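Understanding the architecture of this molecule
Here are the chains, one letter per residue:
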Amino acid sequence: MADGRSPLHGRVAVVTGAARGVGEALARRLAAEGAHVALLGREEWSLRRVAAELAPPNVCVEVDVTDRAALAHAADRVTRELGPASVVVANAGIAAGGPFADTDPDLWQRVVDVNLTGSANTVRAFLPQLGRTRGYFLQIASTAAFGSAPMMSAYCASKAGAESYAQALRGELEPDGIGVGVAYLHWTGTDMVAGIDEHPVLCALRRHQPGPARRVHSPARVAGWLTAGITRRAPYVYAPPWLRWCQPLRPLFPALVARVARRELRALAATDLHGSTGVLGAGGRADWPPHR
């Protein structure tokens, strides 16, 4: 802006999954840019803690993104207390690790419901506001959409679906002046990634990646890359930025991942393979037992 302020200054930004991890870091970064932030998530005590540390005005709403009625109420509250949203980030997500056959079918379904259907519910609830502001919707995806990893079938399926959904949505909303972006996150220092590293096969897949690709980036740094993309209304956001050069190589990734996985699976005892099955990370555990 001509006065030196961020283009986000005074705008209303909604972030789901804002109680911890990337969502929390992004909420803090957007607030630092002068945005009025609405924090949505499952852990009310954590949402309140984060909101209390942000510059007002802001609002936090405990909400399950799979609950359309609750999201509609959250959207109404955001409008009443902050104004219509100019930015909506569908960040809420959980993951489950382990063999497909050993994973609780309800947990498998829950991962897809939160990561894919929850994202659709989010944009549906806030679409009227984005239409009023000619705003921007950012779908948080993952490099799991590039090459699906064994032991992460629900997560990979949901993130690939979220990527495809957002790309389809872009064509629908462009005539209305609404921008749609897809963000690809790689290894980020959240409790979800710590859970992944505890699984022997997933840990091995990471170990066989090139050095720069194994690096774990802090949520704060990832939030910086996301904020830059939001400011530009970018159709694609890469965290880290070098991931953009992987797009042309995507057809090769499934075969490479499968090759490493086969070797590691043959080397593992059955107890190692089946012993780390279930929801990953504190955020996932906060969602899954209460849901059940």
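So, a few notes on the structure that sits alongside this text. The residue numbers shown here count from 1 along each chain, following its written sequence. This being a predicted model, a pLDDT of at least 70 is required before a residue's local features are given, and a value of 80 or more before pairs of side-chain atoms are given or counted; all residues contribute to the totals for chains, interfaces and linings. Values reported for side chains reflect all heavy atoms of the structure, with hydrogen atoms and water molecules removed beforehand.

**Regarding the overall build of the chain**
Selection criterion: What counts as a helix is a DSSP run of H or I of at least four residues, what counts as a strand is a run of E of at least two, and both are numbered from the N terminus. For each residue, the accessible area found with a 1.4 Å probe, counting protein chains only, is set against the maximum for its type, and the residue is called buried under 20%, exposed over 50%, and partly exposed in between. Any two residues having at least one pair of non-hydrogen atoms within 4.5 Å are treated as being in contact.
When helices and strands are tallied, the chain shows 12 helices and 9 strands. Across the 292 residues of the chain, 53% fall into the buried class. Partitioning the contacts of the chain with sequence separation of at least 6, the portion at a separation of at least 24 is 74%.

**Topic: the packing of helix H3 (residues 68-81) against helix H4 (residues 105-133)**
To be explicit about the condition: Note on definitions: angles span 0 to 180 degrees between N-to-C directions of axes, and those axes are lines fitted to C-alpha atoms, for helices only across the stretch in contact. Angles are sorted into four bins: roughly parallel if under 35 degrees, roughly antiparallel if over 145, roughly perpendicular if 65 to 115, and oblique for all others. Left-handed describes a crossing whose near helix is turned anticlockwise from the far helix by less than a right angle; the clockwise case is right-handed. Lys, Arg, Asp and Glu make up the charged group, whereas Ala, Val, Leu, Ile, Met, Phe, Trp, Tyr, Cys and Pro make up the nonpolar group; the residues left over, Gly among them, are polar.
At a closest axis distance of 8 Å, the pairing of H3 and H4 adopts a crossing angle of 30°. Between H3 and H4, the angle falls in the class roughly parallel. Crossing of H3 over H4 shows right-handed handedness. Across from Arg68, Leu71, Ala72, Ala75, Val78 and Thr79 in H3, the residues of H4 making contact are Asn121, Thr122, Ala125, Phe126, Gln129 and Arg132. Split by residue class, the contact of H3 with H4 holds 6 nonpolar, 4 polar and 2 charged.

**Regarding a nonpolar patch on the surface**
For clarity, the cut-off: In this scheme, patches are assembled from residues that exceed 30% relative accessible area and form no salt bridge. Like charges are connected within 9 Å, while nonpolar side chains (Val, Leu, Ile, Met, Phe, Trp, Tyr) are connected within 5 Å. Here the open area of atoms and residues is found with the Shrake-Rupley method and a 1.4 Å probe, where only the protein chains shown may cover a residue. Whenever Lys or Arg places a side-chain nitrogen within 4 Å of a carboxyl oxygen from Asp or Glu, that contact is recorded as a salt bridge.
Nonpolar side chains collect at one region of the surface, where Leu249, Leu252 and Leu256 lie side by side and expose about 280 Å² of accessible area between them. Tracing the backbone shows Leu252 in the loop between strand E8 (236-239) and helix H10 (253-267).

**What to know about the nonpolar core**
Quick note on the threshold: The set of buried Ala, Val, Leu, Ile, Met, Phe, Trp, Tyr and Cys residues whose side-chain atoms join them within 4.5 Å is what this entry labels a nonpolar core.
Core analysis: the largest hydrophobic core is formed by 43 residues, its most contacted members being Val14, Ala38, Leu40, Val78, Val88, Phe126 and Phe137. With 7 residues, the top contributor of residues to this core is H4. Residue contacts for Val78: discarding those within four places in its chain leaves Val12, Val14, Ala38, Val59, Gly83, Phe126 and Gln129. Listed in part, the 34 residues of the second largest apolar core include Ala13, Ala35, Ile140 and Val237.

**Re the sheet that holds E8**
Hydrogen bonds between backbone groups are what pair the strands of a sheet, and the pairing can be parallel or antiparallel. Basically, it comes down to this: Here the rule is simple: two strands pair whenever DSSP picks up at least two bridges between them.
Spatial strand order, E3-E2-E1-E4-E6-E7-E8: 7 strands in an open sheet with parallel pairing. Across the chains shown, the open sheet's two edge strands, defined by having one partner strand only, are strand E3 (59-62) and E8. Across the sheet, the axes of successive neighbouring strands diverge by a mean angle of 15°, strand direction being ignored. Inspection of the sheet shows strand E4 (residues 87-90) paired to strand E6 (residues 136-142) by 4 bridges, in the parallel sense. In the sheet register, Ala90 faces E6, and the bridge partner there is Gln139. Against the sheet, H3 makes contact with strand E1 (12-16), strand E2 (36-41) and E3, and its axis sits at roughly 170° relative to E3, the strand it touches most. Against the sheet, helix H9 (residues 219-232) engages E4, E6, strand E7 (179-185) and E8, with an angle of about 165° to E8.

**Re helix H2 (residues 44-52)**
Definition in use: By definition, the arc is the one covered by directions from the helix axis to the C-beta atoms.
Residues Ser46, Leu47, Val50 and Ala51 constitute the buried set of H2. Down the axis of H2, the smallest arc covering the buried residues is 135°, so these residues share one side. Facing away from the buried surface of H2 by more than 90 degrees, the exposed residues are Trp45, Arg48 and Ala52. If you follow the buried residues of H2, they end up packed against helix H1 (21-32), E2 and E3.

**Some points on the packing of aromatic side chains**
Where two aromatic rings form a pair, the distance of their centres and the angle of their planes describe that pair. To keep it simple, the criterion reads: Ring pairs shown here join Phe, Tyr and Trp side chains whose ring centres sit within 6.5 Å, with only the six-membered ring taken for Trp; geometry is labelled stacked below 30 degrees between planes, edge-to-face above 60, and tilted in between.
One pass over the full model with this rule turns up 4 aromatic pairs. Judged by centre distance (5.5 Å) and plane angle (15°), the rings of Tyr184 and Tyr238 are stacked. Residue Tyr184 is found in strand E7, and its partner Tyr238 is found in strand E8; the two are separated by 54 residues along the sequence. For Tyr184, a relative accessible area of 0% translates into the label buried. Take Tyr238: its relative accessible area is 9%, and that puts it in the buried class. These aromatic residues form a ring-pair network of at least three members: Phe146, Tyr184, Tyr236 and Tyr238.

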